[in-house]
Amino acid sequence: MTILAKDVPFYQISQVSKLLGITSDRLRTYEEEGLVKPYRARHTKDGKRLFSLEEIEWLEIIRELIKLGVTIPVIRIILSSKFKAGKDLLRERDENILELIEKLYSHPVYKKLLSSK
């Protein structure tokens, strides 16, 4: 049995949509907004988007931030500025947001997004 590496693109957008419980259109929005950059299969006419397990984990973090009320523009700012905040300045909900931001910064997909700019 072959086991794929976590960073190997394999899942199509419809599969990722079902896994995350969001629409394919939402995933396309995340791509348009620069929050994720899926692999585009060149062997197909429409260049199907393929996502790796790393990218799916990344999108789960993004989804959790959005559930906590963080908007896509704010997430883009956070990713581009390497935001740092002291825990003493935070409310309880904000601590959850900060933990998710730290996960984003340490995630392998963050490094890929930075290198593609």
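Reading the values: the criteria
- Residues numbered from 1 in each chain as written.
- Predicted model: local features only at pLDDT ≥ 70, side-chain atom pairs only at ≥ 80, totals over all residues.
- Heavy atoms only, no water.
- Buried < 20%, exposed > 50% of the residue type's maximum accessible area, 1.4 Å probe, protein only.
- Helix = DSSP H or I, 4+ residues; strand = E, 2+ residues; numbered from the N terminus.
- Arc of directions from axis to C-beta.
- Contact = heavy atoms within 4.5 Å.
- Pairing = 2+ DSSP bridges.
- Salt bridge = Lys/Arg side-chain N within 4 Å of Asp/Glu carboxyl O.
- Core = buried A, V, L, I, M, F, W, Y, C linked by side-chain atoms within 4.5 Å.

> Looking at this structure, how should I read helix 2 (residues 24-32)?
Since there are 3.6 residues in each turn of an α-helix, residues three or four apart along the chain are aligned in direction. Taken together, the buried positions of helix 2 are occupied by Ser24, Leu27 and Tyr30. All buried residues of helix 2 project into a common sector of 115 degrees when viewed along the axis, lining one side. Pointing more than 90 degrees away from the buried face of helix 2 are the exposed residues Asp25 and Glu32. Buried-residue contacts for helix 2 involve helix 1 (13-20), helix 3 (53-67) and helix 4 (72-81). Just downstream of helix 2, glycine 34 is the residue with a positive phi angle, here 80 degrees.

> Is there a simple way to explain the sheet that holds strand 1 (residues 11-12) in this structure?
In spatial order, the strands read 1-3-2; together these three strands make up an open sheet with antiparallel pairing. Of all the strands in the sheet, just strand 1 and strand 2 (39-40) have a single pairing partner and so form its edges. With two bridges joining them, strand 2 and strand 3 (residues 49-51) adopt antiparallel strand pairing. Directly across from arginine 40, in strand 3, lies its bridge partner arginine 49.

> Help me understand the pattern of salt bridges in this model?
Side chains that differ in charge, positive against negative, can pair when their charged atoms come close. Counting across every chain of the model gives seven salt bridges. Across the pair lysine 67 and glutamate 64 runs a salt bridge, and its minimum N-O distance is 3.6 Å. With lysine 67 and glutamate 64 both in helix 3 and three residues apart, this pair spans about one turn of that helix. Overall, the relative accessible area of 60% leaves lysine 67 in the exposed class. Each member of the salt-bridge network shares a partner with another, and the members are Glu31, Arg40 and Arg49.

> Teacher, can you tell me more about the nonpolar core here?
Side chains that are nonpolar tend, in soluble globular proteins, to be buried together. Ranked by internal contacts, the top residues of the largest apolar core, which has 28 residues, are Leu27, Tyr30, Trp58, Leu59, Leu65 and Leu79. Elements represented by at least two residues in this core include exactly helix 1, helix 2, helix 3, helix 4, helix 5 (92-106) and helix 6 (108-115). The greatest single-element share of this core, amounting to six residues, is contributed by helix 3. The contacts of leucine 27, once residues within four sequence positions are left out, are Ile13, Val16, Ser17, Leu20, Ile22 and Leu59.

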